[in-house]
Amino acid sequence: MANIINGKAISSEIRKEIKEATEQFYQDHGFRPGLAVIIVGDDPASRVYVRNKRLACEEVGFYSKAYELPAETTQEELNTLVDRLNGDPSIHGILCQLPLPRHLDEKEVLLRIDPRKDVDAFHPVNVGKIMIGDYDFLPCTPAGVMELLTRSGIEIAGKECVVVGRSNIVGKPQAMLLLHANGTVTVCHSRTKNLAEVCRRADILVAAIGKADFFTADMVKEGAIVIDVGMNRRADGKLTGDVDFASVSEKASYITPVPGGVGPMTITMLMKNTLTAAKRSVQA
Ligand code: NDP
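Participant: Summarise helix α6 (residues 140–151); cite the residues concerned and give the values.
Facilitator: An ideal rise of 1.5 Å per residue puts 16 Å on twelve residues; α6 measures up with 16 Å between its terminal C-alpha atoms. α6 sits mainly inside the fold: ten of its twelve residues count as buried. When we look at burial in α6, the residues that qualify are C140, T141, P142, A143, G144, V145, M146, E147, L148 and L149. Contact partners of the buried residues in α6: α1 (7–29), α7 (171–180), β7 (204–207), β8 (225–228) and α10 (263–283). Count one or two residues on from α6 and you reach G153, which has phi positive near 75 degrees.

Below is the structure:
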């Protein structure tokens, strides 16, 4: 049976560290790191995420402000708000909750956020910095995966790492971070031939495709480290990952569960990025 990587416990350890660093920051500078979250419309899932982000800010001692805008908000109104937050010295991180209603241009908003306040690391400037390995912020989910690996004492250098999924928010930056950590990285996607065979080469397998229980034991090497980023709802409403936990956990040496693995790390990494942005603002 694999060692279970406890994302909840690791996340709470990191939040404690952030809280301590925040108190120190407050003593040194007399203000708190500030995060602004913008949400447009009333998508229930987005509202839950926004609420969780607010609670996380409270937990670590940040100042936070939520802007809950009506669904009929215009692009111009949204742009004006972003401009205002870009210039607000009490705000160090700006996050626009996606998806936006269809009449709004997500790309335009993401490009408008000052890269120094782009705590989601979606701005092309930050994406480029990640590519060259000289970054301030990392996208939250892949950064969370790296923390889970390193805090579990897992060496990445020299390992065969297979990332399945190539989205801009998970797969691609994940591959880049594993590469920076000296892994030998292969990225797979829906057109990959012989996927099972490629996955079986992996010492570290990162599953991020959004298909419930897709990765079965026959796709995993004995003793592999398996990170399950997937978050899928079963018909009965239960949350499940991309990995068939029951069979794969018999074969892997380490595995992340869903829920309680990668999920709790994402907001924690957002807090870490906001603290970094605040620290950067006093250095500038
Ligand atoms: P996307 O839908 O943007 O990307 C999915 C990727 O998986 C694509 O690159 C796609 O390939 C690939 N893919 C789909 N089907 C297959 C297949 N059968 N074989 C091989 N590759 C396949 O998803 P995201 O990256 O945004 O998210 C992935 C999963 O991670 C989702 O379950 C999501 O809910 C979860 N997630 C979890 C987070 C967390 O906090 N734990 C945060 C963000 C996401 P192609 O490019 O060829 O289409």
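Participant: With reference to specific residues and values, describe the packing of α1 against helix α2 (residues 44–60).
Facilitator: Running from amino to carboxyl end, α1 crosses α2 at an angle of 60 degrees, the nearest separation of the two axes being 8 Å. On the basis of their axis angle, the class for α1 and α2 is oblique. Taken together, the residues of α2 that come into contact with α1 (itself represented by R15, I18, K19 and T22) are A56, E59 and V60. Residue composition of the contact of α1 with α2, grouped by class: three nonpolar, one polar and three charged.

Participant: Tell me about helix α3 (residues 75–86), and please be specific about residues and values.
Facilitator: Between its first and last C-alpha atoms α3 spans 16 Å; for twelve residues at 1.5 Å apiece the expected length is 16 Å, and the two agree. For α3, the set of buried residues is Q75, L78, N79, L81, V82, L85 and N86. Around the axis of α3, the buried residues are gathered within 160 degrees of arc, so they sit on the same side. More than 90 degrees from the buried face of α3, the exposed residues found are E76 and R84. On its buried face, α3 sits against β2 (34–40), β3 (63–69), β4 (93–96) and α4 (106–112).

Participant: Describe the site of the ligand, with residues and values.
Facilitator: Taken together, 22 residues lie near the ligand, and R166, S167, S190, K211 and T266 sit nearest. The separation between an oxygen atom of the ligand and a polar side-chain atom of T266 is 2.7 Å. Protein chains shield 72% of the accessible area of the ligand, which is 930 Å² for the free molecule.

Participant: Tell me about the sheet that holds β7, residues and numbers included.
Facilitator: Read from one edge to the other, the open sheet built from six strands follows the order β1-β11-β8-β7-β5-β6, with strand pairing classed as parallel. Because the sheet does not close on itself, it has two edges, and the strands there are β1 (3–4) and β6 (184–188). Contacts from α7 reach β5 (160–164), β6 and β7 within the one sheet, and its direction differs from that of β5 by about 170 degrees.

Participant: Before we move on, can you summarise the packing of aromatic side chains with the specific residues and values?
Facilitator: By the definition in use, this model includes two aromatic pairs. Plain terms: the ring middles of F25 and F31 are 5.3 Å apart, the flat faces sit at 90 degrees to each other, and that makes the pair edge-to-face. Given the relative accessible area of 29%, F31 is considered partly exposed. Between F214 and F215 the ring centres are 5.1 Å apart and the planes differ by 70 degrees, which places this aromatic pair in the edge-to-face class. The class for F214 is partly exposed, based on a relative accessible area of 35%. Lying across the ring of Y26, R32 places its NZ or CZ 4.2 Å from the centre. Here the basic side chain of K65 rests over the ring of Y67, its NZ or CZ set 5.3 Å away from the ring centre.

Participant: So what's going on with the environment of E58? Residues and values would help.
Facilitator: Structurally, the position occupied by E58 is in helix α2. Sequence-wise, E58 and T276 are 218 residues apart; in three dimensions their C-alpha atoms are separated by 17 Å.

Participant: Please set out the sheet that holds β2 residue by residue, giving values where relevant.
Facilitator: Spatially, the three strands line up as an open sheet ordered β3-β2-β4, and their pairing is parallel. The two strands at the open ends of the sheet, each matched to only one other strand, are β3 and β4. Across the sheet, the mean angle from the axis of one strand to that of its neighbour is 15 degrees, orientation sign disregarded. Sheet topology places β2 next to β3; seven bridges connect them, and they run parallel. Each bridged residue has a counterpart across the sheet, and for I39 the counterpart in β3 is E68. α3 rests against β2, β3 and β4 of the sheet, and its axis sits at about 180 degrees to β2. Strand contacts of α10: β2 and β4, with the helix running at about 125 degrees to β2, the strand carrying the most contacts.

Participant: Hey, could you go over the pattern of salt bridges for me, with residue numbers and the actual values?
Facilitator: Tallied over the entire structure, the rule returns 14 salt bridges. A salt bridge links E13 to R151, with the shortest nitrogen-to-oxygen separation between them at 3.0 Å. On the criterion of sequence distance, the pair formed by E13 in helix α1 and R151 in helix α6 is long-range, its members being 138 residues apart. Given a relative accessible area of 31%, R151 falls into the partly exposed group. A salt bridge links R280 to D136, with the shortest nitrogen-to-oxygen separation between them at 2.5 Å. In this pair, R280 is assigned in helix α10 and D136 in the loop between α5 (124–132) and α6, connecting sequence segments 144 residues apart. Residues joined in a network through salt bridges with shared partners are E13, E17, E147, R151 and K272.

Here is what the cut-offs are and how they apply
- Residues numbered from 1 in each chain as written.
- Predicted model: local features only at pLDDT ≥ 70, side-chain atom pairs only at ≥ 80, totals over all residues.
- Heavy atoms only, no water.
- Helix = DSSP H or I, 4+ residues; strand = E, 2+ residues; numbered from the N terminus.
- Expected span 1.5 Å × (residues − 1).
- Buried < 20%, exposed > 50% of the residue type's maximum accessible area, 1.4 Å probe, protein only.
- Contact = heavy atoms within 4.5 Å.
- Axes fitted to C-alpha atoms, helices over the stretch in contact; angles between N-to-C directions.
- Parallel < 35°, antiparallel > 145°, perpendicular 65-115°, else oblique.
- Nonpolar A, V, L, I, M, F, W, Y, C, P; charged D, E, K, R; others polar.
- Arc of directions from axis to C-beta.
- Near = heavy atom within 4 Å.
- Polar contact = N/O pair within 3.5 Å; in protein donor to acceptor, adjacent residues only side chain to side chain.
- Areas by Shrake-Rupley, 256 points an atom, 1.4 Å probe, with all protein chains shown as cover.
- Pairing = 2+ DSSP bridges.
- Phe/Tyr/Trp six-rings, centres within 6.5 Å; stacked < 30°, edge-to-face > 60°.
- Lys NZ or Arg CZ within 6 Å of the ring centre and 35° of its normal.
- Salt bridge = Lys/Arg side-chain N within 4 Å of Asp/Glu carboxyl O.

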